[in-house]
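Inside the fold
One letter stands for each residue in the lines below.
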Amino acid sequence: MPHRPQQRLVVVGGGPGGYEAALVAAQLGADVTVVDTDGLGGSAVLTDCVPSKTLIATSEVMTQVDGSAELGVRYASTQASGEHVGVDLQVVNNRVKQLAHAQSGDIRAALAAAGVRLVAGLGRLVPGGVEVTGGSGVRTLPADAVLLALGATPRRLETSMPDGERILDWRQLYDLRELPEHLVVVGSGVTGAEFASAYRALGSEVTLISSRDRVLPGEDADAARVLEDAFRRRGMKVMSRSRAENVRREGAGVVVTLSDGSTVAGSHCLMAVGSIPNTAGIGLEEAGVELSPSGHVVTDRVSRTSVPGIYAAGDCTGVLALASVAAMQGRIAMRHLLGDSVRPLSLKTVSSNIFTAPEIATVGWTQSQLDSGEAQGVGVMLPLATNPRAKMQGVTEGFVKLFARTGSGTVIGGVVVGPRASELIFPVTLAVEHRLTVDDVARSFTVYPSLSGSIAEAARQLHPAPLA
Ligand SMILES: Cc1cc2nc3c(=O)[nH]c(=O)nc-3n(C[C@H](O)[C@H](O)[C@H](O)COP(=O)(O)OP(=O)(O)OC[C@H]3O[C@@H](n4cnc5c(N)ncnc54)[C@H](O)[C@@H]3O)c2cc1C
């Protein structure tokens, strides 16, 4: 067999886009080096995804405690002393940091075991490789190919700069020593909604400021409505069509000025106004890598950039800001680079979840795409309140929605709103991925009683497959 020289690959960025790719590339025989400034796991593990979901794990317990009286649970000491169940934020935040650190260590160990070299420092594209500036000075790593997995950073607004004490971005939340008395959240996208939900459940007063008509613009409208109702029922103040002009510190708190001149006072403010890609100042333009007007690296469906041998994955591409998508883009890039069989990225089968209470999980075509005629199909929506298991568990909010292709009855998408929707969406994802029909789903046994019974029931209701 002819000898193929080992490809020297440098991965810039150790988040899911980078480290998952590095593992695949090592498995396929490449000589792999990962360069990262902040530590392995990237923002996903160290500051964003893992920390937020760990914090939310505590908030979920608090939500359950909150709803437990209806199920007959009584807390004797609470009744006797009049105290409330509360959280110790320092314990919560220590746990968050320890867990993130440990997960980063696990990734480091997995990469080392796979023979991947790790270099700490800032990577910059230079002719023939990547220049790394780190603790040990500047060195150049020669490369036959480079994967850019640079991630993104919280967007900062001149008028509302985080100070790390009272005005915060989401990466600074874990240094808080006490629960904010009143957290004002600017931004009602996924990040804003998740933290607003979590801190309300932990016991903070929360005001959520949304510049749009409703929270979670761009998500399923019925789901957003259920969530907004749940927020209000739990005592959160949701301000729609309210644009925050600036945020400033005043006394021991913060004041947010809205575009109509009115103000909202709180003890702390969380700025959740999006992210910007980490693509500036590291030689991308000089190397001819095409960037979009928003600064994202332009890629095709096998993660190639405009420059041969340079690939990109994850949040720096602006494709879909999810750890799962970043990892998939990175793996696809490596399979393409190293000549393995590869299927181009398809976003139609990506399942994603918003970790609020209730959770909102989605996959496939959406209601708005059906309504606009972009996709041909019909849907059915079943409220969870009619599901026997939900009744037993005291679950009153949420629903299951299933979409099927007109004519064939193939499942093309779905939405689940409810507790653990992130787990419940998987059968729908399987159906979409494997093109199962509603009859295939309806024929499968579900446990009685179970929330997944509503998914099978929705499939039954979509039989027979409606005609075109
Ligand atoms: C609050 C929050 C919660 C989230 N929750 C979820 C969730 O529940 N599920 C989910 O799927 N997604 C979630 N996401 C999205 C997810 O975190 C991102 O999609 C994911 O981190 C993208 O991975 P990445 O590899 O592209 O980048 P990152 O994870 O950002 O990693 C990039 C790494 O590259 C490093 N780097 C950048 N430039 C250089 C350079 N020049 N040289 C060396 N190193 C460099 C960075 O320091 C960083 O360590 C969440 C995001 C946020 C903000």
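First things first, this report covers the structure right here in the doc. All values reported here derive from a predicted model rather than from experimental measurement.

Here is what the cut-offs are and how they apply
Residues numbered from 1 in each chain as written. Predicted model: local features only at pLDDT ≥ 70, side-chain atom pairs only at ≥ 80, totals over all residues. Heavy atoms only, no water. Salt bridge = Lys/Arg side-chain N within 4 Å of Asp/Glu carboxyl O. Helix = DSSP H or I, 4+ residues; strand = E, 2+ residues; numbered from the N terminus. Buried < 20%, exposed > 50% of the residue type's maximum accessible area, 1.4 Å probe, protein only. Pairing = 2+ DSSP bridges. Axes fitted to C-alpha atoms, helices over the stretch in contact; angles between N-to-C directions. Core = buried A, V, L, I, M, F, W, Y, C linked by side-chain atoms within 4.5 Å. Contact = heavy atoms within 4.5 Å.

Attention now goes to the pattern of salt bridges. Any two side chains of opposite charge can pair, on the condition that their charged atoms come close. Evaluated as defined, the whole model comprises 24 salt bridges. Here E286 and R124 are joined by a salt bridge, their closest N and O atoms 3.9 Å apart. In this pair, E286 sits in helix α8 (residues 284–287) while R124 sits in strand β4 (residues 122–126), placing the two residues 162 residues apart along the sequence. Classification of E286 by relative accessible area gives exposed; the value is 60%. You can call R124 partly exposed: its relative accessible area is 29%. The residue R248 makes a salt bridge to E250 at a minimum N-O spacing of 2.7 Å. Owing to a relative accessible area of 44%, E250 belongs among the partly exposed residues under this scheme.

The antiparallel open sheet is built from 3 strands, whose spatial order is β13-β14-β15. Each edge of the open sheet is held by one strand with a lone partner, namely β13 (244–250) and β15 (263–266). Across the sheet, the axes of successive neighbouring strands diverge by a mean angle of 20 degrees, strand direction being ignored. In this structure, strand β14 (residues 253–258) lies alongside β15, joined through 4 bridges in antiparallel fashion. Within β15, the residue paired with T257 across the bridge is T263.

Let's shift gears to the nonpolar core. Grouped together as the largest cluster of nonpolar side chains are 41 residues, with contacts concentrated most on L55, L173, F195, Y199 and L216. Every element with two or more residues in this core is listed here: α3 (49–67), α5 (89–113), β10 (182–186), α6 (190–202), β11 (205–209), α7 (221–233), β22 (399–405) and β23 (411–418). By residue number, the principal contributor to this core is α6, which donates 6 residues. The contact partners of L55, leaving out residues within four places of it in the chain, are V92, N93, V96, Y174, F195, A198, Y199 and L202. Counting residues in each nonpolar core, the second largest holds 26 residues, with A361, V395, L402 and A459 among its members.

Just geometry here; none of it tells us what the structure is for.
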